[in-house]
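Each chain, letter by letter, is given below.
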Amino acid sequence: MNGYDEKSHYGGEPAPGSFVRAFDAFPKAKPQYVTRTSGGGKWTVAMIVVSAILIWSELARWWQGAEDHTFSVEKGVGHSMQINLDVVVHMACKDLHVNVQDAAGDRILAASRLQEDPTAWSHWVDGKGVHKLGLDSQGRADTGAGWHDEGFGEAHVHDIVAMGRKMARWAKTPRLSRGLKADSCRIYGSLDLNRVQGDFHITARGHGYMEMFAEHLDHNAFNFSHVISELSFGPYYPSLVNPLDRTINTASAHFHKFQYFMSVVPTIYTVAGGSARTRTIFTNQYAVTEQSKEVSERNVPGLFFKYDIEPILLSVEERRDGVLTFLVKVVNVLSGVLVAGHWGFTLSEWLREAVGRRRRSSRRSEGVIGAKSGYED
């Protein structure tokens, strides 16, 4: 009729030679049949905002990964363990003795294996981050949880593994300026000890052990105030912060005894998907309690680090989905937002139309009643 082709107008039949178009399952409408409304625009903006928030949340969850914590009885037979120490004591190096006594009955003269540098107390007490055990630099309670610049706590496993790969070097002792006298001793280094319960202690010369030809140190020279910059077990990872790191304790009297009781737990950090050399580190964590008090002259003052090895192994593994799995999850999020937005828009339009129809019907009813009353007049 007048050259009008209904099929070609609506596009109901594919063009000749285009066989693939016959399988098009997505309905389409011509632009003249599409109406844009303010309500649809608001729903579109809301869907974009919700999609962005959910995708960002999914990306953060994927980047963080999932951590699995597994406890098991340690099956291996351990013979030795490394301890890393960096302590500054407010006494001269020649007046200090460093020893280790373990449950196997061995006594190790740690001073011969550690390095001792004379230093000034003022170089350490004002250092950044130094705090009293149990309190932070502001005097608030420090529970050991959370991210302390770097280290244990709530840190991600991939961050711990990455920091553990850094080269282990001991920091240099600050040089003494002219006119500044060395009144303290820095004791630092690593020791290989028996993997049994033991006691690492720092005492004054002539006290604590019966030693031949040992000169008796004057009690007025006792001052066991100390700063612990590093105390860890296992391979030395300087970037990992342990509970006793950056700790300062001051002695209120010459005869003062500081005791630290530590429970050491062997720990393995693994990032799934990597080789054992580059993606796994073997270390130890420990919990510590402190007891410090002034003692009588019949007791031995000093620093006593008592450690015990727990018979359990903690394995912390971080797993992360592949990129393809992450993209599938993003597509699912977008699909869910689109479906929910479509249903929300449809229901809101239906509700708006229903309310408008009811209002229009009520207005027409009022008009008929008014005409009827006028007719009766």
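Calculation notes
Residues numbered from 1 in each chain as written. Predicted model: local features only at pLDDT ≥ 70, side-chain atom pairs only at ≥ 80, totals over all residues. Heavy atoms only, no water. Salt bridge = Lys/Arg side-chain N within 4 Å of Asp/Glu carboxyl O. Helix = DSSP H or I, 4+ residues; strand = E, 2+ residues; numbered from the N terminus. Buried < 20%, exposed > 50% of the residue type's maximum accessible area, 1.4 Å probe, protein only. Lys, Arg positive; Asp, Glu negative; His and termini not counted. Polar contact = N/O pair within 3.5 Å; in protein donor to acceptor, adjacent residues only side chain to side chain. Disulfide = S-S within 2.5 Å.

1. Observations concerning the pattern of salt bridges
- This structure, assessed with the given rule, holds seven salt bridges.
- Here Glu-58 and Arg-61 are joined by a salt bridge, their closest N and O atoms 2.9 Å apart. Separated by three residues within a single helix, Glu-58 and Arg-61 lie in helix H2 (residues 38-64), roughly one turn from each other.
- Given the relative accessible area of 13%, Glu-58 is considered buried.
- Looking at Arg-61, the relative accessible area reads 48%, which means it is partly exposed.
- Look at the salt bridges and you will find they share partners, linking Lys-94, Asp-95 and Arg-205 into a network.

2. Observations regarding the side chain of Asp-245
- Its location among the elements puts Asp-245 in the loop between strand S8 (226-233) and strand S9 (247-249).
- Although Asp-245 is buried, it forms no salt bridge, and the closest oppositely charged side chain is Arg-246 at an N-O distance of 6.7 Å.
- Looking at Asp-245, its side chain comes within polar contact range of the main-chain nitrogen of Leu-231, at 3.0 Å.

3. Focus: unusual backbone geometry
- With phi around 60°, Arg-246 is a residue other than glycine that occupies positive phi space.
- Relative to the assigned elements, Arg-246 resides in the loop between S8 and S9.

4. Points about the state of the cysteines
- Counted under the stated rule, the structure contains one disulfide.
- Cys-93 shares a disulfide with Cys-185; S-S distance 2.1 Å. In this structure the cystine formed by Cys-93 and Cys-185 twists about its S-S bond by roughly 105°; its chirality is therefore right-handed. Of this pair, Cys-93 sits in the loop between strand S2 (80-89) and strand S3 (96-102) while Cys-185 sits in strand S6 (residues 184-194), and the two are 92 residues apart along the sequence.

Honestly, that's just the spatial picture; any functional story needs more than this.
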